[in-house]
Amino acid sequence: MKKFTLFLFCLAVFCQKMTAQLPQNFSKNGDEKISPILRASFLRGETADLVVILKEQADVRAAKNFKTKNEKAAFVFEKLKTTAQRTQADLNQILHQKGVFANSLYLVNAIAIEKCDAELARFLADRPEVAYLSPDPEVHFSGFEKVENVAPPKNRGAVEWGVERVNAPAMWSLGHTGQGITVGGADTGYDWTHPALINKYRGTKTNGTFDHNYNWHDAIHEASELSGNPNNPCGFNISAPCDDNSHGTHTMGTMVGDDGAGNQIGVAPGAKWVACRNMERGNGKPSSYIECFEWFLAPTDTAGKNPDPARAPQVVNNSWYCSFEEGCTDLGVNEMIHKAVINLKAAGTVVVVSNGNFGSNCSTGDNPPAYFEESFSVGATQESGAIANFSSRGPVLIDGSNRVKPNVAAPGQNVRSSTPNGNFSSFSGTSMAGPHVVGTVALLLSARPDLIGNVDLIEDIFENSGVFKTDTLDCPGSVGGSDQPNNTFGFGEVDALAALNYANLLLPQTEPATEISVSVFPNPTSDVVFFNFKNLKNDDLLEIFNAAGQPVFSKKINQPTLRISIGNLPAGVYFWKMGGENGQVVFN
């Protein structure tokens, strides 16, 4: 994992042109912290939506020291949340006093502000805790193509071709359908009542009732000017899923959909789904993208309160991108989204991203979040297995890395799936490919739950088990089309059964040994805490760390109960580790 570096520059030629337009009196008093794009808007007398990025960004790399996804997520959440609360307190109070609408974010330590004027921007730039003022542009997303009059399958009872191509039925026959796994979707919203989706929604209860708390979040708070109409058909800040476009409903169907009536459209029909709306009629903003990433780290109730990282999905789909051509022209914006992906991945969540539809030349995938090293990017194939012409290719040039992308490929052309109001349609795009990969991840994790939270290993398994494909595309300064990986297919097409076989070969399953059992009480506590142990081995070591990952206690244990006085430790969340067990305890 690379250390986050805030880019305080933009493309050289673009910046030189922008800076040349600025008068002398607009380059003083901290204005160098303001994006040239924003400064140009202010010079025209306009207000602008922007994101205030704070200097202090929490370091969550210590999350790798924890074993389970829940422990990683709890650590990352606590670290990010406490950093944001501490460093944003003064700014949020000032903005409140000024009557400014501010959306406080913690996944990236930042504050989104709407319709900011030049005077407020200068004030914010002069604040010592502020690193940079980045644009928060409204972005029109054109991530898929509707395909009309596609011939129906020969047998309506057969699974869709893409589901077959990733070898999902072979996993189903072994009893692995995604059971016990939750997938997440960030998109235009979702028709949760669709017959293929309603029984897969985590908010649908077995007694026929519904609960949207911790299962749905709406990051859309107002209409986009790009939509041309202030009245959204779903509304804003809605408390139940709704799709104002159709794109989201289609992607979720490919992940988990099955109506029990012959529409077997989903790769992992045994999995559950949760979701966040990050686009308003297909128009998104970096702040809404990040807000959904944040919710996937620690889902909240429908009021946006009481976040709980234990309810996070194991894998999330992102069939969207924020392209240079569409408005994301400032590298500060890109690095903000990059930081969000890094932190969510550190919490044990697999972040699957569509690679984009700007093919078929070299280096057509330079769009966030697809080009990030930490994103698991997906190209699109046809039913024949050939690459789709629209599928974006690598290598990545925008950050100078020359990184090979995509990571893998999956079905993405003429994909039939669910659309709102109980309908089914065929769409094309890498937007359709990403959900196939999310579904295969769910299948693997249902078969091997011991892999949950180990994101790097999960990605390695899919890369090393992919069906190798070559292409004639040779990109200057990068790998050739016959290499593995290459800039067309990445490591190859995903295959769910091959991934499981590779995982079993790499990490054979054995009968579980008698594990140490640890219980902690009282928790939370304010004076003393007791640890109870079962199945102790000789000189097992108990270690306790603070939220920064620093050790505060270490002792070899040879008795079933240990009493620890915590009166000398600051209040906060602490993490303990012993043998193969991990956990947390709250000190008040």
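Structure: above.
Notes on the structure follow. Per chain, the residues get numbers from 1 upward, laid out in the order the sequence is written. Only residues with pLDDT of 70 or above have their local features reported here, since the model is predicted, and side-chain atom pairs are shown and tallied only from 80 upward, although totals for entire chains, interfaces and linings are computed over all residues. Side-chain measures were taken over the full set of non-hydrogen atoms in the model, leaving aside hydrogen atoms and water.

With respect to the packing of helix H10 (residues 430–447) against helix H11 (residues 455–465)
Right, so step 1: To get an axis, a line is fitted to the C-alpha atoms, and for a helix only the part in contact is used. The angle between two axes follows their N-to-C directions and goes from 0 to 180 degrees. Under the DSSP-based scheme used, a helix requires at least four consecutive residues in state H or I and a strand at least two consecutive residues in state E, with every element numbered from the N terminus. Taken N-terminus to C-terminus, the directions of H10 and H11 make an angle of 110°; their axes are 12 Å apart at the nearest point. Considered as vectors, H10 and H11 are oriented roughly perpendicular to each other. With respect to the hand of their crossing, H10 and H11 are arranged in right-handed fashion. On the side of H10, the interface is formed by Thr-440, Val-441, Leu-444 and Leu-445, while H11 contributes Ile-458, Ile-461 and Phe-462. These descriptions rest on fixed angle ranges, namely under 35 degrees for roughly parallel, over 145 for roughly antiparallel, 65 to 115 for roughly perpendicular, and the rest for oblique. In this scheme the crossing of two helices becomes right-handed for a clockwise turn of the near helix relative to the far one and left-handed for an anticlockwise turn of less than a right angle. Pairs of residues are marked as contacts when any of their non-hydrogen atoms sit within 4.5 Å.

A word on the state of the cysteines
Right, so step 1: Pairs of cysteine sulfur atoms within 2.5 Å are identified as disulfides in what follows. Scanning all chains against the criterion turns up three disulfides.
Right, so step 2: Residue pairing for Cys-234: its cysteine sulfur links by disulfide to Cys-242, the two sulfurs lying 2.0 Å apart. Its S-S torsion of about -70° marks the bond between Cys-234 and Cys-242 as left-handed, since a negative value means left-handed.
Right, so step 3: With a 1.4 Å probe rolled over the protein chains alone, any residue whose accessible area is under 20% of its type maximum counts as buried; one over 50% counts as exposed, and the rest are partly exposed. The class for Cys-234 is buried, based on a relative accessible area of 15%.
Right, so step 4: You can call Cys-242 partly exposed: its relative accessible area is 23%.
Right, so step 5: Between the sulfur atoms of Cys-362 and its disulfide partner Cys-475 the distance amounts to 2.1 Å.

Observations concerning the nonpolar core
Right, so step 1: The term nonpolar core refers to a set of buried residues drawn from Ala, Val, Leu, Ile, Met, Phe, Trp, Tyr and Cys, joined through side-chain atoms within 4.5 Å. Among the nonpolar cores identified, the biggest contains 57 residues, and Val-76, Leu-80, Phe-293, Phe-296, Leu-297 and Ile-337 are the most heavily contacted of them.
Right, so step 2: Here Leu-297 is in contact with Ala-73, Val-76, Phe-77, Leu-80, Tyr-106, Leu-107, Pro-309, Ala-312, Leu-344 and Ala-347, once residues within four sequence places are set aside.
Right, so step 3: In this structure, Val-166, Ala-410, Ile-461 and Ala-503 belong to the second largest nonpolar core, which totals 54 residues.

So, the sheet that holds strand E1 (residues 48–54)
Right, so step 1: Within the open sheet, the four strands sit side by side as E2-E3-E1-E4. Their pairing is antiparallel. Here the strands that pair on one side only, and so sit at the sheet edges, are strand E2 (102–105) and strand E4 (130–135). Averaged over all pairs of adjacent strands, the angle between strand axes in this sheet comes to 20°, irrespective of strand direction.
Right, so step 2: Here E1 pairs with strand E3 (residues 110–116) via five bridges, running antiparallel. Paired with Val-52 across the bridge in E3 is Ile-111. Only when DSSP finds a minimum of two bridges between them are two strands counted as paired.

Section: the pairing of strand E13 (residues 350–354)
Right, so step 1: By the criterion of burial, E13 is predominantly enclosed, with five of the five residues buried.
Right, so step 2: Here E13 shows two buried faces, one formed by Val-350, Val-352 and Ser-354 and the other by Val-351 and Val-353.
Right, so step 3: Pairing of E13 with strand E14 (residues 376–381) involves three bridges; the strand directions are parallel. Bridge pairing in E14 places Val-352 opposite Phe-376.

Details of the pattern of salt bridges
Right, so step 1: Here a salt bridge means any side-chain nitrogen of Lys or Arg lying within 4 Å of a carboxyl oxygen belonging to Asp or Glu. Considering all chains together, one arrives at 17 salt bridges under this definition.
Right, so step 2: With a closest N to O distance of 3.0 Å, Arg-311 and Asp-308 form a salt bridge.
Right, so step 3: Residues Lys-345 and Asp-456 are paired through a salt bridge, measuring 3.1 Å at the closest nitrogen-oxygen approach. Of the two residues, Lys-345 is situated in helix H9 (residues 331–346) and Asp-456 in helix H11; the sequence distance between them amounts to 111 residues.
Right, so step 4: Judged by relative accessible area, which is 11%, Lys-345 ranks as buried.
Right, so step 5: You can call Asp-456 partly exposed: its relative accessible area is 45%.
Right, so step 6: In the salt-bridge network here, residues are joined through shared partners; they are Asp-49, Asp-136 and Lys-285.

Quick word on empty space enclosed by the protein
Right, so step 1: In this analysis, the protein atoms alone were mapped onto a 1 Å grid. Cavities are point sets where a 1.4 Å probe fits without being able to get out; pockets are open sets with protein on both sides within 12 Å along at least five of seven lines; lining residues have an atom within 4 Å of a point. Grid points are joined across faces, edges and corners, and a volume is the space filled by probe spheres set on the points. For the coordinates displayed, the defined rule picks out four cavities of 30 Å³ or more.
Right, so step 2: Contributing elements (two or more residues each) for the lining of the largest cavity: E3, strand E11 (283–284) and helix H8 (286–297).
Right, so step 3: When residues are sorted by character, Ala, Val, Leu, Ile, Met, Phe, Trp, Tyr, Cys and Pro go into the nonpolar class, Asp, Glu, Lys and Arg into the charged class, and all the rest, Gly among them, into the polar class. Along the lines of polarity and charge, the residues of the lining of the largest cavity split into six nonpolar, eight polar and seven charged.

Observations regarding helix H3 (residues 69–97)
Right, so step 1: Helix length check: H3, at 29 residues, gives a terminal C-alpha distance of 39 Å against a target of 42 Å (1.5 Å per residue), a fit within 8%.
Right, so step 2: Taking the largest bend as the criterion, H3 deviates by roughly 55°, centred on Gln-88.
Right, so step 3: Note on H3: the residue one or two positions beyond its end, Gly-99, has a positive phi of about 70°. The span expected for a helix works out to 1.5 Å for each residue beyond the first. Note that the bend at a residue is defined as the angle between axes fitted to the seven residues ending at it and the seven residues starting at it.

Points about helix H12 (residues 496–506)
Right, so step 1: Every buried residue of H12 is accounted for by Ala-496, Ala-499, Leu-500 and Ala-503. All buried residues of H12 project into a common sector of 100° when viewed along the axis, lining one side.
Right, so step 2: Considering only its buried residues, H12 is in contact with helix H6 (168–173), H10 and H11. Of all possible arcs, the one meant is that of the directions from the helix axis to the C-beta atoms.

Examining the layout of surface pockets
Right, so step 1: In this structure, the largest pocket occupies an estimated 670 Å³ of space.
Right, so step 2: Along the walls of the largest pocket sit 26 residues, with Asn-103, Ser-104, His-217, Glu-294 and Gly-304 positioned nearest its centre.
Right, so step 3: Secondary structure elements with two or more residues in the lining of the largest pocket: H3, E2, strand E8 (216–218) and H8.
Right, so step 4: Its residues assigned to classes, the lining of the largest pocket comprises eleven nonpolar, ten polar and five charged.

Thoughts on the environment of Gly-422
Right, so step 1: Position of Gly-422 among the secondary structure elements: in the loop between strand E16 (415–419) and strand E17 (423–428).
Right, so step 2: Take Gly-422: its relative accessible area is 30%, and that puts it in the partly exposed class.
Right, so step 3: When near neighbours in sequence (up to four residues on either side) are disregarded, Gly-422 contacts Asp-191, His-194 and Pro-195.

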